[in-house]
Amino acid sequence: MNAREAFAAWQEAVLTNGSIDHLFADDAIIELPFNPGRPRLNRTEFLTLAGARATMPVRFDEFRDLVIHDTGDPEVIIAEYSIAGTHTTTGDQATAPFVMILRVRNGRILQLREYQDVPTMTAALAPA
């Protein structure tokens, strides 16, 4: 799996609330620079955090405005996108922008760095 294929698998998992465990190398590093308190995670920490998404009151509906940039490094892509979702309790819809830098080696994600619009996401997930 190359970086574009890994990103496509990531998208599918986000939209279907599917498993992402198989996408990550054992020594993967995940960086979420705008995530307060936990900006750098190892694979296990990230998968625990990602597993909590099943309890979030949101359904991710689609990726919008996707642009994938190839880089001079064949292992690395940069993806710009927005994710549209629906609050499952209120029915409110929201969209938040993201930028992801993804490095894939030997068919697995070795490094993922994601920049998130935390204020928009926090507001969208606020209790009704």
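Cut-offs and rules
- Residues numbered from 1 in each chain as written.
- Predicted model: local features only at pLDDT ≥ 70, side-chain atom pairs only at ≥ 80, totals over all residues.
- Heavy atoms only, no water.
- Salt bridge = Lys/Arg side-chain N within 4 Å of Asp/Glu carboxyl O.
- Helix = DSSP H or I, 4+ residues; strand = E, 2+ residues; numbered from the N terminus.
- Expected span 1.5 Å × (residues − 1).
- Contact = heavy atoms within 4.5 Å.
- Polar contact = N/O pair within 3.5 Å; in protein donor to acceptor, adjacent residues only side chain to side chain.

1. Brief notes about the pattern of salt bridges
Where side chains of opposite charge bring their charged atoms close, a pairing between them can arise.
In step 1: By the definition in use, this model includes eight salt bridges.
In step 2: Linking Arg105 and Glu75 is a salt bridge whose minimum nitrogen-to-oxygen distance equals 2.8 Å. Placement of the pair is Arg105 in strand 5 (residues 93-105) and Glu75 in the loop between strand 3 (58-70) and strand 4 (76-87), with a sequence separation of 30 residues.
In step 3: Ionic contacts of the salt-bridge type, sharing partners, join the residues Asp73, Glu75, Arg103 and Arg105 into one network.

2. Some details on helix 1 (residues 3-16)
In step 1: Here helix 1 is 14 residues long and its end C-alpha atoms lie 20 Å apart, about the 20 Å a rise of 1.5 Å per residue gives.
In step 2: On its buried face, helix 1 sits against strand 1 (24-31), helix 2 (43-51), strand 3, strand 4, strand 5 and strand 6 (108-116).
In step 3: Regarding helix 1, its N-cap is Asn2, as a side-chain oxygen of that residue lies 3.0 Å from the backbone nitrogen of Arg4 further along.
In step 4: The first or second residue beyond helix 1 is Asn17, which carries a positive phi of 55°.

So yeah, pure geometry; function would need other evidence.
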